[in-house]
Amino acid sequence: MDLKGIKLTWLGHATFRIETPGGKTVIIDPWIMGNPMCPEADKTVKKVDVLLCTHGHGDHIGDAVEIAKQHNPVVVGIPELARWLGKKGAKQVAEMNKGGTQTVGDIQVTMVHADHSCGIQDGDELIYGGEACGYVIRFSNGVKIYHAGDTNVFGDMAIIRDLYAPQIAMLPMGDHYTMGPREAAYACTLLKPQFVIPMHFGTFPVLTGRPAELQKLAPQVQVFEMKPGVTIG
Ligand code: NI
Ligand code: MN
């Protein structure tokens, strides 16, 4: 996979750290300290310029508030979630909604649909968190990455293909709370990426889907299995 100067690290589950060619650090779905898949060495966040949050479930924004307070990154999310994060202490909130594109740091992010729920657990209360979403990230070197968030397969993934043509798709495929391999394989036929990076599997016993199953069901794409904490590019 030629990332043309991008450095990409999977921290387990749906959490990724990306260093852009311009030297900015982007974290998608910051669930780090409590993430059993995240290696110890990566549990301390040293630097982050942009936080992208797909939805309000704890396994995606578990450390968003803490990291925002420590590093003051630009925090991107759907308005209901972004404003909640702002209320909890994030200072640079850059809310947006589906179909919109904005420049944050040195990347362009487009918010796209996800077929999933989105409540925020706030102490004893479950708060409405807007809708779950995914992101297409466009880097200055031409690389485009689609992070699907938590989602089932949906027909409009074909629109994501037509409009943005991401070369790399990060797809959940653990089953139970998101797509399993069968649904993720169908998503590959709609998205037609060069590479699929599987995520949201193996973290808990119910997340039974495995990259090898996906590769078998989607032989036309290259399933690229990352190892938590190992940087590529
Ligand atoms: Ni979720
Ligand atoms: Mn999840």
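Scope of this entry: the structure provided in the associated data block. Position numbers for residues start from 1 in each chain and track the written sequence from start to end. Labels follow written order: the first chain is A, the first ligand is 1, and so on. This being a predicted model, a pLDDT of at least 70 is required before a residue's local features are given, and a value of 80 or more before pairs of side-chain atoms are given or counted; all residues contribute to the totals for chains, interfaces and linings. Only hydrogens and water are set aside when side-chain values are computed; all heavy atoms of the structure are taken into account.

**Here's the deal with the packing of helix H4 (residues 157-164) against helix H5 (residues 181-191)**
The axes used here are C-alpha line fits, helices contributing only the stretch in contact, and every angle between their N-to-C directions lies in the interval 0 to 180 degrees. Secondary structure elements follow DSSP: runs of H or I no shorter than four residues count as helices, runs of E no shorter than two count as strands, and numbering proceeds from the N terminus. Closest axis-to-axis distance for the H4/H5 pair is 7 Å, and the angle between their directions is 35 degrees. Like other packed secondary-structure pairs, H4 and H5 cross with a definite hand, here right-handed. On the side of H4, the interface is formed by Met 157, Ala 158, Ile 160 and Arg 161, while H5 contributes Ala 187, Leu 190 and Leu 191. Polarity classes work like this: nonpolar for Ala, Val, Leu, Ile, Met, Phe, Trp, Tyr, Cys and Pro, charged for Asp, Glu, Lys and Arg, and polar for all others, with Gly in that last group. For the contact of H4 with H5, the residue count by class is 6 nonpolar, no polar and 1 charged. Note on convention: near helix rotated counterclockwise from far helix by under a right angle means a left-handed crossing. Clockwise means right-handed. Every residue pair with non-hydrogen atoms within 4.5 Å of one another is taken to be in contact.

**Here we look at the side chain of Thr 20**
With respect to the element layout, Thr 20 can be found in the loop between strand E2 (16-19) and strand E3 (25-28). Residue class for Thr 20 comes out buried when judged on its relative accessible area of 5%. Apart from the residues within four sequence positions on either side, Thr 20 is in contact with Gly 5, Val 26, Asp 106, Ile 107 and Phe 139. Between buried and exposed lies partly exposed: a residue is buried under 20% and exposed over 50% of the maximum accessible area for its type, with that area taken using a 1.4 Å probe on protein chains only.

**Quick notes on the coordination of the nickel ion (ligand 1)**
Around the nickel ion (ligand 1), the protein supplies His 55 (NE2), His 57 (ND1), His 116 (NE2) and Asp 150 (OD) as donor atoms, at distances of 2.2 to 2.3 Å. Donor selection uses N, O and S atoms within 2.8 Å of the metal (3.2 Å for Na, K and Ca). Since no water is included, sites may look incomplete. All geometry calls rest on donor angles, where a four-donor set with angles between 85 and 135 degrees is tetrahedral, four- and six-donor sets with opposite donors more than 155 degrees apart and all others between 65 and 115 are square planar and octahedral, and all else is irregular. Around the nickel ion (ligand 1) sit 4 donor atoms; with metal-centred angles ranging over 89 to 173 degrees, the donor geometry is irregular. Taken in chain order, the donor set of the nickel ion (ligand 1) reads H-x1-H-x58-H-x33-D. A spacing of 3.3 Å is found between the nickel ion (ligand 1) and the manganese ion (ligand 2), which share Asp 150 as a donor.

**A look at the sheet that holds strand E11 (residues 133-138)**
Pairing is mixed in the open sheet, where 7 strands are placed in the order E7-E8-E11-E12-E13-E14-E15. Looking at which strands have only one partner, the edges of the open sheet turn out to be strand E7 (101-104) and strand E15 (222-223). We call two strands paired when DSSP finds no fewer than two bridges between them. Bridge analysis of strand E13 (residues 168-172) against strand E14 (residues 195-199) gives 5 bridges, and the strand direction is parallel. Residue Ala 169 lies in a different strand from E14, and its bridge partner there is Val 196.

**So, the coordination of the manganese ion (ligand 2)**
The coordination sphere of the manganese ion (ligand 2) contains the protein donors Asp 59 (OD), His 60 (NE2), Asp 150 (OD) and His 200 (NE2), at a distance range of 2.1 to 2.2 Å. For the manganese ion (ligand 2), the single-chain donor residues occur in sequence as D-H-x89-D-x49-H.

**Some points on the packing of aromatic side chains**
Working definition: rings of Phe, Tyr and Trp (its six-membered ring) pair if their centres are within 6.5 Å, and the pair is stacked with planes under 30 degrees apart, edge-to-face with planes over 60 apart, and tilted otherwise. Counted according to the given criterion, the structure contains 3 aromatic pairs. Aromatic pair Trp 31 and Phe 204: ring centres 6.1 Å apart, planes at 45 degrees, arrangement tilted. Within this pair, whereas Trp 31 is found in the loop between E3 and strand E4 (50-52), its partner Phe 204 is found in the loop between E14 and helix H6 (211-217), the two being separated by 173 residues in sequence. Following the ring pairs from residue to residue traces out a cluster consisting of Trp 10, Phe 16 and Phe 201.

**Structural notes on the side chain of His 200**
Residue placement: His 200 occurs in the loop between E14 and H6. Polar contacts here mean pairs of N or O atoms no more than 3.5 Å apart (in protein, one a potential hydrogen donor and the other a potential acceptor; neighbouring residues in sequence count only if both atoms are side-chain atoms). Among the polar contacts listed, one links the side chain of His 200 to the side chain of His 60, at a separation of 3.4 Å. At 3.0 Å, the side chain of His 200 and the side chain of Asp 150 are in polar contact. Setting aside residues no more than four positions away along its own chain, His 200 makes contact with His 13, Ala 14, Asp 59, His 60, Asp 150, Pro 172, Met 173, Gly 174, Tyr 177, Thr 178 and Leu 207.

**Points about the pairing of E13**
Most of E13 is tucked away, with 5 of its 5 residues classed as buried. With burial as the criterion, each face of E13 is covered, one bearing Ile 168, Met 170 and Pro 172 and the other bearing Ala 169 and Leu 171. In this sheet, E13 lies alongside strand E12 (residues 144-147) in parallel orientation, the contact comprising 3 bridges. Considered in E13, the bridge of His 147 is made with Met 170. Handedness of a crossover is defined as follows: orient the strands so they point away from the viewer, and if the path from the first strand over the helix to the second runs clockwise, the crossover is right-handed. At this point the chain moves from E12, through H4, to the parallel E13, and the crossover so formed is right-handed. In this fold, E13 hands off to H5, which returns the chain to E14; that crossover is right-handed.

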